[in-house]
Amino acid sequence: QVQLVESGGGSVQAGGSLRLSCAASGFTYSSYCISWFRQAPGKEREGVAGIYTGGGRTWYRDSVKGRFTISQDNAKNTVYLQMNSLKSEDTAMYYCAAHGNLFGWQCGSARTEYNYWGQGTQVTVSS
């Protein structure tokens, strides 16, 4: 049973930083796509950034490029999202999601690709 547990959310002023963590357990495949999504009140859940654990390829949403960095620590089975220069529009519940990726295909940003989800961690940015 795959489990994803997010942590690191909180409240910060605009321009500040936070680091989110996604601790994964129960993986049965050798490689996965692990991505971060976010959902603000009244809005659709949207992909933010993702990483292919087998080789480290990443993707980012245009609005976070240059500000957010996704990384992994394979020894800890943890994926991180370093968020710098935060803006009020980054306020949302952030979710970690994963799916198996045996063949190294490019990880995508569509929520329908992902079949494992964490419970989320709230990020609030005040201006």
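For the structure, check the block above.
Residues numbered from 1 in each chain as written. Predicted model: local features only at pLDDT ≥ 70, side-chain atom pairs only at ≥ 80, totals over all residues. Heavy atoms only, no water.

Trainee: Teacher, can you tell me more about the overall build of the chain here?
Mentor: A tally of helices and strands in the chain yields zero helices and 11 strands. Each helix and strand of the chain, ordered N terminal to C terminal, gives the series β-β-β-β-β-β-β-β-β-β-β. Against the 2.2 N^0.38 benchmark of 14 Å for 127 residues, the chain shows a C-alpha radius of gyration of 14 Å, consistent with a compact globule. Along the longest, intermediate and shortest principal axes, the C-alpha atoms of the chain span 40 × 30 × 25 Å. In the chain, buried positions account for 43% of the 127 residues. The long-range fraction of contacts in the chain, counting pairs at least 24 apart against all pairs at least 6 apart in sequence, stands at 58%. (Helix = DSSP H or I, 4+ residues; strand = E, 2+ residues; numbered from the N terminus. Rg over C-alpha atoms; globule rule 2.2 N^0.38 Å. Buried < 20%, exposed > 50% of the residue type's maximum accessible area, 1.4 Å probe, protein only. Contact = heavy atoms within 4.5 Å.)

Trainee: Just to check I follow, could you spell out unusual backbone geometry for this structure?
Mentor: Excluding glycine, most residues fall at negative phi; most peptide bonds, likewise, are trans. Notably, asparagine 77 is not glycine yet its phi reads approximately 50°, a positive angle. Its place among the elements puts asparagine 77 in the loop between β7 (68–73) and β8 (78–83). Of note in this structure, serine 85 is not a glycine but carries a positive phi near 50°. Assignment of secondary structure puts serine 85 in the loop between β8 and β9 (92–100). Residue serine 85 is classed as partly exposed on the basis of its relative accessible area, which comes to 40%.

Trainee: Would you explain the nonpolar core in this entry?
Mentor: Nonpolar side chains in soluble globular proteins generally cluster together in the buried interior. The biggest cluster of nonpolar side chains holds 27 residues, and the ones touching the most others in it are Ile34, Trp36, Val48, Phe68, Leu81, Met83 and Tyr94. Those elements giving two or more residues to this core turn out to be β3 (18–25), β4 (32–39), β5 (46–52), β7, β8, β9 and β11 (121–126). Excluding residues within four positions of it along the chain, phenylalanine 68 makes contact with Arg38, Val48, Tyr60, Leu81, Gln82, Met83, Asn84, Leu86, Asp90 and Tyr94. Cys33, Phe37, Trp59 and Ala97 belong to the second largest nonpolar core, which has seven residues in total. (Core = buried A, V, L, I, M, F, W, Y, C linked by side-chain atoms within 4.5 Å.)

Trainee: Sorry, what's going on with the sheet that holds β7 here?
Mentor: Within a sheet, adjacent strands bond to each other through the backbone by hydrogen bonds, running parallel or antiparallel. In space, the four strands of this open sheet follow the order β1-β3-β8-β7, with antiparallel pairing throughout. Looking at the sheet topology across the chains shown, the edges are occupied by β1 (3–7) and β7. Direction aside, the axes of adjacent strands within the sheet are offset by 15° on average. Pairing of β7 with β8 involves six bridges; the strand directions are antiparallel. (Pairing = 2+ DSSP bridges. Axes fitted to C-alpha atoms, helices over the stretch in contact; angles between N-to-C directions.)

Trainee: How do you make sense of the environment of glutamate 113 when you look at a structure like this?
Mentor: The residue glutamate 113 is located in the loop between β9 and β10 (116–117) in this model. Sequence separation between glutamate 113 and alanine 97 is 16 residues, and the spatial gap between their C-alpha atoms is 9.3 Å. With residues up to four places along the chain from it excluded, the contact list for glutamate 113 reads His99, Cys107 and Gly108.

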